[in-house]
Amino acid sequence: RLFELGINSAEVWNNLGLCAFYANQFDFCLSCFERGLLLADDETASDIWYNISHVAIIIGDLNLGYQALKIALAYNSEHFEAFNNIGVLEIKKGNYEQAKSNFLRSCNGTQFSFEPYYNYAALRYKQGNNEEALKFAEKSIGIFPQHYESKELIAKINNEFLN
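For clarity, every value in this text was computed on a predicted model and none was experimentally measured.

## Observations regarding the overall build of the protein chain
Within the protein chain one finds nine helices and zero strands. In the protein chain, the succession of helices and strands from N to C terminus is α-α-α-α-α-α-α-α-α. By residue count, 44% of the 163 residues in the protein chain fall in the buried class. A total of about 9,300 Å² of accessible surface is found on the protein chain, and carbon and sulfur atoms cover 52% of it. Positive and negative side-chain charges of the protein chain, numbering 13 and 20 respectively, have mean locations separated by a distance of 6 Å.

## A short note on the packing of aromatic side chains
Each pair of aromatic rings is reported with the distance of its centres and the angle of its planes. Inspection of every chain in the model, using the stated rule, returns six aromatic pairs. Taken together, the aromatic side chains of Phe21, Tyr22 and Phe26 make up a single cluster linked through ring pairs. Above the plane of the ring of Tyr66 lies Lys93, whose end atom (NZ or CZ) is 3.6 Å from the centre. The ring of Phe136 is capped by Lys139, whose NZ or CZ atom sits 4.9 Å from the centre of that ring.

## Quick word on the nonpolar core
By size, the foremost hydrophobic cluster in this structure holds 20 residues, and its most contacted members are Cys29, Phe33, Ile52, Leu69 and Ala82. The residues contacting Phe33, other than those within four sequence positions of it, are Asn14, Gly17, Leu18, Ile48, Asn51, Ile52 and Val55. Judged by nonpolar contacts, the second largest core, of 17 residues, contains Phe103, Tyr117, Tyr120 and Leu134.

## Some thoughts on the side chain of Asn84
Inspection of the secondary structure puts Asn84 in helix 5 (residues 80-93). On the accessibility criterion, Asn84 (4% relative accessible area) is buried.

## Re unusual backbone geometry
Excluding glycine, a negative phi dihedral is what most residues carry, and trans is how most peptide bonds are arranged. Here the phi dihedral of Asn24 falls at roughly 60°; this positive angle occurs in a residue that is not glycine. According to the relative accessible area criterion, Asn24 is exposed, its value standing at 56%.

Definitions and limits used
Residues numbered from 1 in each chain as written. Predicted model: local features only at pLDDT ≥ 70, side-chain atom pairs only at ≥ 80, totals over all residues. Heavy atoms only, no water. Helix = DSSP H or I, 4+ residues; strand = E, 2+ residues; numbered from the N terminus. Buried < 20%, exposed > 50% of the residue type's maximum accessible area, 1.4 Å probe, protein only. Areas by Shrake-Rupley, 256 points an atom, 1.4 Å probe, with all protein chains shown as cover. Lys, Arg positive; Asp, Glu negative; His and termini not counted. Charge placed at Lys NZ, Arg CZ, Asp CG, Glu CD. Phe/Tyr/Trp six-rings, centres within 6.5 Å; stacked < 30°, edge-to-face > 60°. Lys NZ or Arg CZ within 6 Å of the ring centre and 35° of its normal. Core = buried A, V, L, I, M, F, W, Y, C linked by side-chain atoms within 4.5 Å. Contact = heavy atoms within 4.5 Å.

Structure, rendered in structure tokens:
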């Protein structure tokens, strides 16, 4: 319907690509993203590449997902969601210092997303730095008070401090 109204934008193609992906129409999904990229400015191109990374990761191509996230950052060096997801992929590769760096960069770029704070806290907890883990888990809870995993991590850390 939007196309019939003459609305032909990168954002529409991006959203249509996501809809096609979640409807398991993979071939149409990628062509929508491609059309979106043709119309996109740098900010929108960054978001489209970020969404392409989700598609790649969900279908199991972690290398393509990683590359798409890097391209998203090439278009927008402040794309905090991309830094967060690169951090997650770095953990899967066993690159904990790179993951830590990406999570911190993501935290510095957002005041409204709990995920990088939680991911950093979980990583620091696994590395044995309970004080820093607690600090970041509490920041995560401050943003999203109902986040179960953050509450659970805080309880674990507090339990360890008591023992």
